[in-house]
Every structure is written in C-alpha cells, then in structure tokens.
Amino acid sequence: MTNAIITTTNLTKEYNGKRVVDNVTLQINQGEICGLVGKNGAGKTTLMRLLTGLITPTSGSFAICPNQARTDTKVAALIEAPSLYGGLSAMDNLRAQARLLGIADDRAYFDKTLQLVGLDTGNQKAATFSLGMKQRLAIAVALLGKPSLVLLDEPTNGLDPQGIMDLRQLFVQLNQQFGITFVISSHILSELGKFATSYCFVNNGRLIKQATAAEIESNCSKLVRVNLQDVPTAYSLLKGAGYTVEGRLGQIDVLDADAKVADVVGVLAQGGVDIVNVQTISQTLEDYYVALLKEDKKCQKC
Amino acid sequence: MSKVLNTLLFRLKKSKILWVLLALTVAMALLDVGLLKLLPLIAGSGSDMVATLLGGDAFATTFSTLARTDSYSAMFVVFFVALFVGTDFSEGTLRNVLLSNKSRLQIYLAYLIVSVGCCIAFVFAQAAVYVVALALMGEFAKYTLVQALTGIFSSIGLGVLSCFVMAATTLLVLVGTKKRVLAVILPLAGTMVLATVFEVVVLVAQVQGMAVGALQWIPFAQQMFFNAGANNGALLGKILLVNGLLAAGEGVLGYFVFAKAQLK
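As the structure is a computational prediction, the values presented were derived from the model and not from experiment. (Residues numbered from 1 in each chain as written. Chains lettered and ligands numbered in written order. Predicted model: local features only at pLDDT ≥ 70, side-chain atom pairs only at ≥ 80, totals over all residues. Heavy atoms only, no water.)

Colleague: Help me understand the overall build of chain B in this model?
Modeller: When helices and strands are counted, chain B shows eleven helices and zero strands. Going from N to C terminus, chain B has its helices and strands arranged as α-α-α-α-α-α-α-α-α-α-α. By residue count, 50% of the 264 residues in chain B fall in the buried class. For chain B, the exposed area adds up to about 11,600 Å²; of that, 73% sits on carbon and sulfur atoms. (Helix = DSSP H or I, 4+ residues; strand = E, 2+ residues; numbered from the N terminus. Buried < 20%, exposed > 50% of the residue type's maximum accessible area, 1.4 Å probe, protein only. Areas by Shrake-Rupley, 256 points an atom, 1.4 Å probe, with all protein chains shown as cover.)

Colleague: Explain the interface of chain A and chain B here, please?
Modeller: Quoted interface sizes are often the accessible area lost when the parts come together. On the chain B side, the residues contacting the 30 residues of chain A number 25 residues. Across the chain A to chain B interface the summed buried area is about 2,400 Å²; carbon plus sulfur atoms make up 54%. Interface area lost by chain A to chain B is led by L54, Y85 and L100 of chain A, which between them contribute 31%. Taken together, the connections running from chain A to chain B amount to one salt bridge. (Contact = heavy atoms within 4.5 Å. Buried area = accessible area lost by both parts, 1.4 Å probe. Salt bridge = Lys/Arg side-chain N within 4 Å of Asp/Glu carboxyl O.)

Colleague: Any chance you could explain the packing of helix 2 (residues 90–101) of chain A against helix 1 (residues 2–14) of chain B here in plain terms?
Modeller: Helices that pack against each other are described as a pair by the angle of their axes relative to one another and the distance between those axes. Taken N-terminus to C-terminus, the directions of helix 2 of chain A and helix 1 of chain B make an angle of 155 degrees; their axes are 7 Å apart at the nearest point. The angle between the axes of helix 2 of chain A and helix 1 of chain B places the two elements in the roughly antiparallel class. Judged by the sense of rotation from one axis to the other, the crossing of helix 2 of chain A with helix 1 of chain B is right-handed. Where helix 2 of chain A abuts helix 1 of chain B, its residues D92, R95, A96, R99, L100 and L101 of chain A lie against K3, V4, N6, T7, F10 and K14 of chain B. (Axes fitted to C-alpha atoms, helices over the stretch in contact; angles between N-to-C directions. Parallel < 35°, antiparallel > 145°, perpendicular 65-115°, else oblique. Left-handed = near helix turned anticlockwise from the far one by under 90°.)

Colleague: How do you make sense of the nonpolar core when you look at a structure like this?
Modeller: Most often, soluble globular proteins have nonpolar side chains that are buried together. In terms of nonpolar packing, the biggest core is built from 58 residues, with V77, F80, V81, F89, L94, Y111 and F122 of chain B touching the most fellow members. Of all elements in the fold, only helix 1, helix 2 (17–43), helix 4 (72–85), helix 6 (94–99), helix 7 (104–136), helix 8 (145–177) and helix 9 (180–207) of chain B reach the threshold of two or more residues within this core. Judged by nonpolar contacts, the second largest core, of 49 residues, contains I33, M91, L143 and L285 of chain A. (Core = buried A, V, L, I, M, F, W, Y, C linked by side-chain atoms within 4.5 Å.)

Colleague: Would you mind going over the pattern of salt bridges with me for this structure?
Modeller: Where side chains of opposite charge bring their charged atoms close, a pairing between them can arise. Tallying each qualifying case throughout the model produces 13 salt bridges over all chains. Residue R19 of chain A is joined to D22 of chain A by a salt bridge in which the shortest nitrogen-to-oxygen separation is 2.9 Å. Accessibility expressed as a relative area gives 36% for R19 of chain A, which makes it partly exposed. Its salt-bridge partner being D92 of chain A, residue K14 of chain B comes within 3.2 Å of it at the nearest N-O pair. Taken together, the residues K14 of chain B in helix 1 and D92 of chain A in helix 2 connect one chain to another. Residue classification places D92 of chain A among the buried positions, given a relative accessible area of 11%. Within this structure, D92, R95, R99 and D105 of chain A together with K14 of chain B form a network of salt bridges that share partners.

Colleague: For this particular structure, what's the right way to read the confidence of the model for chain B?
Modeller: A low pLDDT score tells you not to read the predicted coordinates there in detail. All names here are of chain B. The share of residues in chain B with pLDDT of 70 or more is 86%, and the mean pLDDT across the chain is 81. When pLDDT is averaged over each element of chain B, helix 1 comes out on top at 90 and helix 3 (residues 49–55) at the bottom at 63. Ignoring residues within four places in sequence, the model shows residues 56–70, a span with pLDDT below 50, making 63 contacts including any to other chains. (pLDDT = per-residue confidence, 0-100.)

Colleague: I would appreciate a short explanation of empty space enclosed by the protein in the present structure.
Modeller: Empty space among the atoms becomes visible once a probe the size of a water molecule is rolled across them. All names here are of chain A. Under the defined criterion, the tally for this structure stands at six cavities of 30 Å³ or more. Taken as a whole, the second largest cavity holds about 70 Å³ of empty space. Taken together, P155, T156, I164, L167, R168, F171, I184, S186, I188, E191, L192 and F195 form the lining of the second largest cavity. Elements with a minimum of two residues in the lining of the second largest cavity: helix 5 (161–178) and helix 6 (189–192). Element by element, the count of residues in the lining of the second largest cavity is highest for helix 5, at four residues. Among the residues making up the lining of the second largest cavity, the classes are represented as eight nonpolar, two polar and two charged. (1 Å grid on protein atoms, 1.4 Å probe; cavity = no way out; pocket = protein on both sides within 12 Å on 5 of 7 lines; lining within 4 Å. Points joined across faces, edges and corners; volume = space filled by probe spheres on them. Nonpolar A, V, L, I, M, F, W, Y, C, P; charged D, E, K, R; others polar.)

Colleague: Is there a simple way to think about helix 9 of chain B in this case?
Modeller: Because each turn of an α-helix spans 3.6 residues, side chains separated by three or four positions in sequence point in the same direction. Residues and elements named next belong to chain B. Taking 1.5 Å per residue as the helical rise, helix 9 with its 28 residues ought to reach 40 Å, and the 41 Å between its terminal C-alpha atoms agrees with that figure. Buried within helix 9 are the following residues: A183, V184, P187, L188, T191, A195, V202 and A205. After helix 9 finishes, the residue G209 shows a positive phi value of roughly 90 degrees. (Expected span 1.5 Å × (residues − 1).)

Colleague: How should I be thinking about the domain arrangement of chain A in this particular structure?
Modeller: Each domain of chain A was delimited in the assignment, giving domain 1 (4–217) and domain 2 (221–282). Here domain 1 of chain A and domain 2 of chain A have C-alpha centroids that lie 45 Å from each other. (Domains from an automatic or database assignment.)

Colleague: Please explain the packing of aromatic side chains as it appears in this structure.
Modeller: Here the distance between the centres and the angle between the planes together describe a pair of aromatic rings. Using the criterion set out here, one finds 14 aromatic pairs over all chains in the structure. Their ring planes at 50 degrees and their centres at 6.1 Å tell us that Y109 of chain A and F110 of chain A sit as a pair that is tilted. With 6.1 Å between their ring centres and 55 degrees between their planes, Y108 of chain B and Y255 of chain B make a pair best called tilted. You can see Y108 of chain B sitting in helix 7 and its partner Y255 of chain B sitting in helix 11 (residues 233–260), a full 147 residues away along the chain. For Y255 of chain B, a relative accessible area of 23% translates into the label partly exposed. (Phe/Tyr/Trp six-rings, centres within 6.5 Å; stacked < 30°, edge-to-face > 60°.)

Written as structure tokens, this is what we have:
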C-alpha cells in the first residue's frame with residue numbers, strides 16, 4: 001500500500017491561456033523531505049498554491065493523503081511572504097493560530113515553539129519584525145499544530161547563515177523525530193542538497209524529473225581531474241590507454257565514470273609526466289540540475 | 001466555524017479598530033445631541049429632538065435617521081469590516097485559515113457573523129447615546145411610553161438593517177477584490193451615488209405622475225416618502241423587505257464569490 005502523502009494527476013493551471021503548471025503528475029511519500037527545484041517562474045509557487053487549495057486547477061487533480069481522511073491530516077504552509085497578524089506579538093500570533101486549530105492556550109508550549117525557531121521578541125508587534133524574524137515566526141505558526149505535511153516556499157529567505165543552518169537542523173530533527181513530511185522550494189541548491197531526501201525538478205510548469213537523493217547521487221557523474229603542466233603529452237597517453245579525456249590549460253579531465261585515480265596516475269607516471277595534483281570530482285546538484293535543463297530544452301526543440 | 005469565530009474574537013479583543021470606531025460613534029452621537037440642543041439658540045427655533053434623532057413624530061411608524069444609508073454608524077461598519085476582516089486578505093493570513101481544514105462556507109459565515117455583530121454594536125452605541133441624552137433632557141415627556149419604546153426599537157431595528165446592507169456590501173467587495181481600500185471606497189461612494197441617482201429618479205417619476213406606492217419600493221430613496229404624523233406602516237414594510245432582500249442577496253452572492261476566489 002502506497003504511503004503517498006501528496007499525489008497529483010495531470011495537474012494543470014492556466015492563466016490567460018498560459019500554462020503555469022502543465023500536466024504535473026507526481027507522488028511525494030510520507031516522511032520525505034522533498035526539494036522542489038526550479039528557476040524563477042517555473043511554477044513552483046503556483047504548484048504549492050494548488051496543493052494548499054488557495055487556487056483551483058484548470059484541469060487534473062491532486063490528493064493530500066489519498067489513503068486517509070483529509071481531516072486527519074494537518075497541513076501547514078508558508079507560501080511566499082510570511083502570513084502573520086502584524087498588529088499582534090509573536091506570542092499572540094501563535095495564540096490566534098492555536099484557537100484556529102483548537103489547541104489549548106498553553107503558553108509554555110508556545111514559548112518552546114518560539115525557542116525552536118530562535119525567536120525571543122517579547123511584546124514587540126510582528127509588523128516591526130525584520131524579514132528574517134517574520135520568516136521564523138511564520139515557520140513557528142506553521143509548526144504549531146504538529147502538522148503531518150509542511151509546504152515551505154523559500155523558507156530561508158531573509159535569514160542569515162546561522163539562521164539557515166538552524167532551520168535546516170530543525171527540519172531534519174522534526175522529520176526524523178515526528179515523521180513530518182516537508183516539501184521545500186528553494187533556489188539554494190547547495191543548501192537543499194544537505195538535507196533533502198528527494199527532489200522534484202520543475203521547468204516551465206512541467207515536472208521534468210522526480211528522483212530520490214540516492215538516485216541522483218548515483219547518477220551524478222564523476223571525473224578524475226589531474227592538474228599538470230604537460231597537457232598534450234598527458235592527453236595522448238590517456239587517450240592511448242582508452243580513456244575519454246578533456247584537456248584545458250593546466251588540467252586534464254578523465255570523464256570515464258569508472259576511472260580510478262591509481263590507474264590514471266599509473267599511466268601518466270609510466271609516460272614520465274609530472275603531476276601537480278589529482279582529485280575525484282562529483283557532479284553537484286547544481287550541475288545535475290543545469291544538465292537536466294539543457295536536456296529538457298533539447299527535448300522541447302524536438 | 002466556531003474555531004474561526006474564536007480566532008476572530010481573540011483578534012477583536014486585541015484590535016484597536018473596533019474600540020476606536022465605537023468611541024467615534026459615541027462622540028458623533030454626542031455631537032449630534034449637542035448641536036440640536038444648541039439649534040434654538042443659533043437659528044431662533046428648534047426641532048423636536050426626539051423626532052430628529054430617532055425619527056418621526058408618529059412613533060408607531062417611524063423611519064429613523066439611523067436607517068439612512070449615509071448614517072455614520074453605517075459608515076463605521078464599512079471601515080470596520082474592510083479593515084478588520086480585510087486583514088486576512090491583505091496580510092495573507094487567510095491561508096492559515098484555509099489550511100486548518102475549514103471550508104470556505106464556514107470561513108465566510110464567521111466573517112458574516114462578526115460583521116453583523118459589529119453592526120449591532122455600532123447602532124446600539126449610537127442609539128444608547130441618543131436615548132440616554134434625550135431622557136436626561138426630558139425630551140420624551142411629550143410622548144407616551146408606548147410611543148417612545150416603539151420609536152426607539154423601530155429606530156434601532158431599521159438602523160441595524162441598514163448597517164447589515166452596508167456590511168454585506170463591504171464583505172462582497174472585499175471577497176471580490178481582496179483589497180481593503182476598495183472595500184471602503186466602493187460601498188460608501190456607491191451608496192452615495194445610488195442614493196442620489198434614485199432620489200432624482202423618484203423626483204422625476206413623481207413629476208411624471210407615477211404612483212407613490214410603486215415608487216416606495218425604490219431602495220436608497222424610500223426615506224423621501226416618510227411623512228411625519230402620518231401612518232407609514234406600508235412604507236416601513238417596504239423598507240424592511242427591500243433592505244432585507246438587499247442584505248440577504250449580497251450576503252449569498254458574497255459567499256459564491258468567495259467560494260470561487262483565487263487567493264494568494
């Protein structure tokens with residue numbers, strides 16, 4: 001039995017004839033931290049708005065927790081700007097949200113939630129907060145009801161590096177401790193790469209790839225990079241040994257996925273080539289994403 | 001719906017908007033009383049204060065100044081609904097409400113209940129000042145108890161109904177445009193424009209010899225037919241029906257607009 005928490009089937013949203021979300025079919029499972037990746041205008045925020053019911057699809061369908069009653073599933077979201085009552089303090093924002101969710105007015109619990117996100121603002125009104133503080137409070141409001149599913153649109157917007165790290169640790173902790181599923185859209189791929197367990201890549205409203213972090217890791221290409229001075233000689237030696245190589249000033253890349261450092265060094269040493277440095281380089285998430293976009297562009301032209 | 005109402009009431013207690021507008025209502029009501037009291041000194045002759053403030057000499061059938069759609073209670077209701085209920089639209093907090101598994105119908109009904117509640121609060125505040133001031137000044141002395149009570153209750157009832165219309169209109173504009181500024185401007189301006197237009201229509205129709213009975217159905221212009229000292233029972237009935245239908249119709253339309261609204 002599938003443990004899907006979100007499923008979409010040909011989900012589409014059009015504005016004035018333009019498809020902002022285009023036939024998206026995906027499944028996100030319980031317990032995942034799913035990174036929603038795409039450039040500006042790719043349709044990530046619109047997709048999140050569809051999933052939260054803020055807007056209705058033009059066609060297609062989606063289901064939150066298809067295998068259990070919707071009322072048993074608590075969903076929280078932070079879409080674009082933080083949704084807060086500016087005239088209330090941080091504590092009162094939580095108290096208002098608690099009333100909405102039918103949670104008891106437990107100040108100690110609210111204090112703990114604010115501490116979790118690193119907020120200590122007393123009676124200061126939310127309207128006077130910085131963007132980073134508003135973001136933290138919005139996350140606290142989202143987490144208040146212990147939701148099963150949390151959708152976050154650029155949650156680290158406006159946060160300093162320490163704040164970004166703290167939030168990352170918080171999401172991982174909540175995911176591991178309480179099994180909360182996160183769907184997080186972010187431009188900072190290097191940050192997402194540190195904790196996401198699966199990814200949905202979106203381009204021009206279409207889902208171009210959905211994969212787990214493990215699948216991407218195994219598909220990310222590796223190469224052996226050798227820094228040296230005599231590039232032409234090294235190039236000939238490695239080509240002669242049957243490797244696929246690319247040479248540029250001061251370095252040679254051996255592109256074969258199964259190339260071993262020891263073997264490459266051995267070939268060059270036998271040929272009398274002096275090596276400055278040798279290392280194995282893996283394709284980053286950014287490289288993988290850029291490669292996906294290129295492939296998608298080629299496919300669109302076909 | 002009770003949870004949404006609970007949240008709205010919590011915010012209401014913390015919000016200054018309601019209290020500031022209530023204070024303004026009381027202040028303007030006191031100003032009304034004060035000015036009318038001074039009128040004989042300024043103009044040499046005065047008017048029946050009870051009749052002017054609560055409407056009409058014949059209390060059995062009274063059309064109250066409170067029921068005029070340009071009354072300041074109705075105006076404050078517009079400000080309150082636009083600014084308080086409108087916060088959920090302008091601050092984006094409506095998302096939190098929608099995500100808490102509440103249907104759009106439940107949310108809309110909660111907004112409607114709070115808006116109706118504030119109508120009653122504003123009208124009662126205005127009426128309370130009038131009644132207390134008039135009683136203290138002995139102005140009720142020339143009326144029987146039945147006349148006084150009938151006048152007061154019909155005045156409040158019509159005032160509340162008139163405010164319902166404004167509240168429903170404001171909520172409709174708010175859910176339709178999601179902009180607080182428009183939710184203030186459109187109902188107020190629209191009411192003034194419509195009142196002027198319909199009053200002109202009535203005047204022209206009267207000159208043309210059209211039956212008064214038919215003209216008494218035209219909204220926003222009905223108070224033109226009030227005849228102090230006469231039996232205005234039929235007119236009152238028409239006012240109740242027209243305003244009641246307007247408020248109910250706008251309330252229902254507002255829900256359908258809200259149900260279909262694409263929200264940010």
